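# Structural overview
Chain residues, written in single-letter form:
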Amino acid sequence: MSNPNFENHIKATCGMLKEFNTKLKPSTLSTYKRMVTKYYYELGEGNKKMTLNAGVVPMCITETTDRLKEILNSSWKDSTKKNYLSLLCSITKAFAVLHLEQPDFEKNVTYSAYRKAFDILKASNAGNQDKQEPKENEIQLKELSMDMLNKSLSYHYNKIRKSDSKDIESALMYMLGSLHIDQVLRNECADMLISKEYLPIEDHKNTNFIWLKGRNVKMLVIRNNKVRNPEMGHEAKEVVLRGQVNTAVNKYIQVLKNIYGEHLQDVIPLVHSKHFTNSTSSWDGSECISSSHYSQVFKRIWKHKELELTTTSIRKIYAMDVRKEFGGNLLKEKEACDKLDHSQETHNSFYILNWD
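Residues numbered from 1 in each chain as written. Predicted model: local features only at pLDDT ≥ 70, side-chain atom pairs only at ≥ 80, totals over all residues. Heavy atoms only, no water.

### A closer look at the packing of helix α2 (residues 26-45) against helix α4 (residues 78-98)
- Contact pair α2 / α4: the axes reach a minimum separation of 11 Å and the direction vectors enclose 100°. As far as their axial angle goes, α4 and α2 are roughly perpendicular. Here Tyr32, Met35, Val36, Lys38, Tyr39, Tyr40 and Glu42 of α2 lie close against α4, whose contacting residues are Asn83, Tyr84, Leu87, Leu88, Ser90 and Ile91.
- Across the contact of α2 with α4, the residue classes break down as nine nonpolar, two polar and two charged. (Axes fitted to C-alpha atoms, helices over the stretch in contact; angles between N-to-C directions. Helix = DSSP H or I, 4+ residues; strand = E, 2+ residues; numbered from the N terminus. Parallel < 35°, antiparallel > 145°, perpendicular 65-115°, else oblique. Contact = heavy atoms within 4.5 Å. Nonpolar A, V, L, I, M, F, W, Y, C, P; charged D, E, K, R; others polar.)

Here it is as structure tokens:
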């Protein structure tokens, strides 16, 4: 993906989206960029008209009928189709308002066509979701529990028992596994930091981090995620980490010190690479990894059990564990929703699977 013309296309379109909605979170802009990049290169490989209309949108996107046929008749998953249609809705909405001077964008023919197709596909997906049937890759979740997954983390812990261990992969797997078992996070860890000091919100409004408050206690601070936007005045979620997850963070820091020594800084990315090396060279983890790269890292945690789990998988297992243990008790269900940081509707529609 080194074609400079396509890079200019991507930059122009993403710039338009940012101009249209100045309050977009950095994580949302990053997601837009990944989607735009993927879709534009697919269009280019299909020899579509990539000449930019008004310098921001490829001409082929305005050829609504052809684009809709390609998307709806493709072999892509319904979720991928829906994501592309949603992207095209966002692009054509911004284009209509900013470049066609149509503030009532819903009357724009191109936008309305994509929107209609999106709504139809979304309704169809919602109908399937009501059945709560597990997807093919979710069948493996039926026999799993949080306790079972937690016990299996001993595979990694046994490799880092010794205080002089330099096994960074096992230390990372044990720490991330313990953290997700304890807090059932989404992919917030991708751009999370570890800090010796509490990071003031004035300088770190969008920063998620783990504060190394002391040897026996850590604090998880979530300021910016799928449901929390500091720009909208949302309060941060702060949780004290104790017990196993505290030990796991201590082990991880110890292994990093064993490898990088004095090069280890006071504030570092929680995950500094999608690769696992025991290099003794100077610390090079100045930048966080992407959410997609974090997904690759995460899938290695329970690979030794021949499981390829995602953060969403863990969240679903947790939700079903609570439902099974407490029989749908409303107070326990509410506590589970609060911990998962989502609504009861989302909980019931997307996290409780029907195995019948």
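### Quick look at helix α12 (residues 330-340)
- Considered for burial, the residues of α12 that qualify are Glu333, Ala336, Cys337 and Leu340. Across the axial projection of α12, the buried residues extend over an arc of 100°, all falling on one side.
- Summarising the contacts, the buried residues of α12 are in contact with α11 (311-326) and α13 (344-351).
- Just past α12, the residue Asp341 takes up positive phi, approximately 65°. (Buried < 20%, exposed > 50% of the residue type's maximum accessible area, 1.4 Å probe, protein only. Arc of directions from axis to C-beta.)

### Let's talk about the packing of aromatic side chains
- Under the defined criterion, the tally for this structure stands at nine aromatic pairs.
- Centroid distance Tyr198 to Trp211: 5.4 Å. Interplanar angle 75°. Geometry classified as edge-to-face. In this pair, Tyr198 is assigned in the loop between β3 (193-195) and β4 (209-214) and Trp211 in strand β4, connecting sequence segments 13 residues apart.
- With a relative accessible area of 33%, Tyr198 lands in the partly exposed category.
- Their ring planes at 45° and their centres at 6.2 Å tell us that Tyr294 and Phe298 sit as a pair that is tilted. Residue Tyr294 and its partner Phe298 are located together in helix α10 (residues 291-298), separated by four residues, close to a single helical turn.
- Taking the relative accessible area as the measure of exposure, Tyr294 reaches 0% and is therefore buried.
- On the basis of relative accessibility, which here comes to 1%, the residue Phe298 falls in the buried class.
- Every member of this aromatic cluster is reached through a ring pair, and the members are Tyr39, Trp76 and Tyr84. (Phe/Tyr/Trp six-rings, centres within 6.5 Å; stacked < 30°, edge-to-face > 60°.)

### Some details on the nonpolar core
- Ranked by internal contacts, the top residues of the largest apolar core, which has 57 residues, are Leu176, Leu270 and Trp302.
- Listing elements by their share of this core, those giving two or more residues are α6 (146-151), α8 (168-183), β5 (217-222), α9 (243-260), α10, α11 and α12.
- If we ignore the near neighbours within four places in the chain, the residues touching Trp302 are Leu149, Ser152, Leu153, Gly177, Ile181, Leu307, Leu309 and Ile314.
- Counting 35 residues, the second-largest nonpolar core is a separate cluster that includes Leu24, Tyr39, Tyr41 and Cys89. (Core = buried A, V, L, I, M, F, W, Y, C linked by side-chain atoms within 4.5 Å.)

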